[in-house]
Amino acid sequence: MSDGWAWEYWWPETELDLGPELAGQIKERCEELLRAAETCYISGQLHEGRSDAQVSYVPGGMFEYLIAPRLLKLVVVSVTAY
């Protein structure tokens, strides 16, 4: 992302357990969420708020994520396929 924002899975091997379609849906949604985070959050050390877990639904499943503005990160903490 242009402001240094990035996303990642809490456990790096998470994507290996997902099918390529679900992994692609999660990647696409995370990139959308990062674009929003760049405009909604004061970046880096100036951010004083906290980060609550949020849920996003995609075709084939859902995932829970945290936005950590001080780290410029979105972290996917759990994925549920259905």
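What you see is a predicted model, and the numbers here were worked out from it, not measured in a lab.

Colleague: Tell me about the overall build of the chain, and name the residues and values.
Modeller: On a plain count of helices and strands, the chain comes out with one helix and four strands. Secondary structure of the chain in N-to-C order comes out as β-α-β-β-β. Taken over 82 residues, the chain has a buried fraction of 32%. Carbon and sulfur atoms provide 54% of the accessible area of the chain, an area that totals close to 5,200 Å².

Colleague: Describe the confidence of the model for the chain, and please don't skip the residues or the numbers.
Modeller: Model confidence for the chain is summarised by a mean pLDDT of 85, while 84% of its residues fall at 70 or above. By mean pLDDT, the top-scoring element of the chain is strand β2 (residues 54–58) (95), and the lowest-scoring one is helix α1 (residues 20–40) (92).

Colleague: How would you sum up α1? Please name residues and give values.
Modeller: Here α1 spans 30 Å end to end across 21 residues, near enough to the 30 Å set by a 1.5 Å rise per residue. Regarding α1, the residues found buried are L22, A23, I26, C30, L33, L34, A37 and E38. The arc that holds the buried residues of α1, viewed along the axis, is 140°, so those residues lie on one side. Residues E21 and T39 are exposed on α1 and point more than 90 degrees away from its buried face. Where the residues of α1 are buried, they touch β1 (6–9), β2, β3 (61–68) and β4 (73–81).

Colleague: If you had to explain the side chain of S56 to someone new, which residues and values would you point to?
Modeller: Mapped onto the elements of the fold, S56 is located in strand β2. Reaching out from S56, the side chain makes a polar contact with the side chain of R29 at a distance of 2.9 Å.

Procedures and definitions
- Residues numbered from 1 in each chain as written.
- Predicted model: local features only at pLDDT ≥ 70, side-chain atom pairs only at ≥ 80, totals over all residues.
- Heavy atoms only, no water.
- Helix = DSSP H or I, 4+ residues; strand = E, 2+ residues; numbered from the N terminus.
- Buried < 20%, exposed > 50% of the residue type's maximum accessible area, 1.4 Å probe, protein only.
- Areas by Shrake-Rupley, 256 points an atom, 1.4 Å probe, with all protein chains shown as cover.
- pLDDT = per-residue confidence, 0-100.
- Expected span 1.5 Å × (residues − 1).
- Arc of directions from axis to C-beta.
- Contact = heavy atoms within 4.5 Å.
- Polar contact = N/O pair within 3.5 Å; in protein donor to acceptor, adjacent residues only side chain to side chain.

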